[in-house]
Amino acid sequence: MKVVVIGAQWGDEGKGKMVDYLADDAKVVVRYAGGANAGHTIVIGDQQYALHLVPSGILYPDKTVYLGMGMVIDPEALFNELQMLKDRGINWEGRVFISDRAHLVLPRYRELDKKRDAERKRPIGTTGRGIGTTYSMKSERDGIRLADLDWKEKIEDLEDADKEFLNKYSERLISMRVNLTAEMYKHRNDNILLEGAQGALLDLDTGTYPYVSSGMSCSAGAAIGAGIGPRSLDKILGVFKAYSTRVGNGPMPTEFCEETQSELYHYVRETGREYGVTTGRPRRCGYLDLVALRYACQTNSIDELVLTHLDIYDTLDEIEACVAYEIDGQKVVDFPTSIEALNKAKPVLQKFSGWKQSLKNCRLYDAMPKSARDYVDFIEKYCETPVGIISVGYERNDTFLRTKVW
Ligand code: GDP
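Residues numbered from 1 in each chain as written. Predicted model: local features only at pLDDT ≥ 70, side-chain atom pairs only at ≥ 80, totals over all residues. Heavy atoms only, no water.

## Some remarks on the site of the ligand
Point 1. If you check the shell around the ligand, you find 20 residues, and the closest are Lys15, Gly16, His40, His309 and Ser391.
Point 2. Backbone polar atom of Gly14 to an oxygen atom of the ligand: 2.8 Å apart, as the coordinates give it.
Point 3. Protein coverage of the free-state accessible area of the ligand, which is 580 Å², stands at 95%.
Point 4. Within the residue set of the shell around the ligand, elements represented by two or more residues are α1 (15-22) and β3 (40-44).
Point 5. When the residues that make up the shell around the ligand are grouped by side-chain class, the tally is five nonpolar, nine polar and six charged.
Point 6. A domain split of the shell around the ligand shows at least three residues from each of domain 1 (2-237) and domain 2 (240-401). (Near = heavy atom within 4 Å. Polar contact = N/O pair within 3.5 Å; in protein donor to acceptor, adjacent residues only side chain to side chain. Areas by Shrake-Rupley, 256 points an atom, 1.4 Å probe, with all protein chains shown as cover. Helix = DSSP H or I, 4+ residues; strand = E, 2+ residues; numbered from the N terminus. Nonpolar A, V, L, I, M, F, W, Y, C, P; charged D, E, K, R; others polar. Domains from an automatic or database assignment.)

## Here's the deal with the packing of aromatic side chains
Within a pair of aromatic rings, the relevant descriptors are the distance that separates the centres and the angle that separates the planes.
Point 1. Within the structure shown, the criterion is met by 13 aromatic pairs.
Point 2. Centre to centre, the rings of Phe352 and Tyr375 are 5.2 Å apart; their planes meet at 75 degrees, and the pair counts as edge-to-face. Within this pair, whereas Phe352 is found in strand β17 (residues 346-353), its partner Tyr375 is found in helix α12 (residues 370-383), the two being separated by 23 residues in sequence.
Point 3. For Phe352, a relative accessible area of 10% corresponds to the buried category.
Point 4. Classification of Tyr375 as buried rests on a relative accessible area of 1%.
Point 5. With a centroid separation of 5.1 Å and an interplanar angle of 70 degrees, the aromatic rings of Phe352 and Phe378 are classed as edge-to-face. (Phe/Tyr/Trp six-rings, centres within 6.5 Å; stacked < 30°, edge-to-face > 60°. Buried < 20%, exposed > 50% of the residue type's maximum accessible area, 1.4 Å probe, protein only.)

## Here's the deal with the pattern of salt bridges
Point 1. Counted according to the given criterion, the structure contains 29 salt bridges.
Point 2. Salt-bridge contacts for Asp328 lead to Lys344; the nearest nitrogen and oxygen are separated by 2.9 Å. In this pair, Asp328 sits in the loop between β15 (318-327) and β16 (330-332) while Lys344 sits in helix α11 (residues 339-344), placing the two residues 16 residues apart along the sequence.
Point 3. Look at the salt bridges and you will find they share partners, linking Asp12, Lys241, Glu274 and Arg283 into a network. (Salt bridge = Lys/Arg side-chain N within 4 Å of Asp/Glu carboxyl O.)

## Focus: helix α10 (residues 290-300)
Point 1. Within α10, eight of the 11 residues are buried, leaving the element largely enclosed by the surrounding structure.
Point 2. Inspection of α10 places Leu290, Val291, Ala292, Leu293, Arg294, Ala296, Cys297 and Asn300 among the buried residues, and these make up the whole buried set.
Point 3. Contacts made by the buried residues of α10 are with β1 (2-7), β10 (235-241), β13 (288-289), β14 (304-308), β15 and α12.
Point 4. Of the residues flanking the start of α10, the one acting as N-cap is Asp289, its side-chain oxygen 3.1 Å from the backbone nitrogen of Val291. (Contact = heavy atoms within 4.5 Å.)

Right under this line is the structure:
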């Protein structure tokens, strides 16, 4: 069975934690898109791991992980991450493979990323890891794939600094390089988890363009990134937080107002530890945006939603969520494409009672307080999609399933 885990908002929804949780029953984990700009945090007991490129299943000693063909890989960042894992006692050798169709990030692309964003009239707020430039080079047909590492003429044409850089890593990359389609065929009867990066609203095509990432963070990207066809995907899980966050620039209609709602803003940011794993940047925080979430369900065929960070609302008297936008005096329920419209959108909020108790030890839906269930039931009805998994804390086991995943 093949299960896809995508972010259903603007990233940082807790995909890493969910992939780590679900990987227990998988044989293989494939990360299908993005690069070292993504950051997943996994907490197991008193240990915390920050992963950027390596799929989250690596923390189990018996899982095989693949870096997919939709990824762009900075070899320096990859080998630093693998060294960090080794230093912390995670033996990864023989378990980490890379698609020969994945593209490589060269050091000068990082500089180009920053330079291009600084020159933009409306900067996107790139992480400056060379990701955008590598994807541009790919679509201009000037990129370097792992498969090209032994294509002598192609390597000869590179600038000296690029050649020198690749030389350092070439042998190791080649030893991990695979034909991913053939590998997927080999594992066709196994449980495979496909891990996305960023979130549906940051997808190059379906996101809030141009304030998006340059990779495919939609569920369709899972098929491409793993080298299989879309009919091979069996289930799509969309992870979302009980509220919204966004890093970088771009519209966020439900963002709390820093001036008039500074208490709520800081409460959510601090309790939810809303600081970027890769950059340390504070994340923008706001109400749950159901207009955007329903759009993500529709554009990604989400079979089940995965609700995380519900515990962040444990102490609030009242909770609000956005059920429509008001744009130029009109009520809008379909997520707009125009950035201008999104910038003008004012959230129409619905109130819910708080539950005023800790959910951390809840492991059954019926054991949750009624007001927490009311919030979840409303989300399911609004999005016409069931909430199949609920996460009530940052640790691996602060999670419960309402339906079987595999
Ligand atoms: P990802 O990029 O989608 O994997 O998200 P991150 O891992 O960057 O961010 C999620 C952060 O929230 C991590 O620090 C997780 O440990 C934490 N987290 C995940 N689920 C929950 C939850 O239900 N409650 C709380 N309090 N923290 C959570």
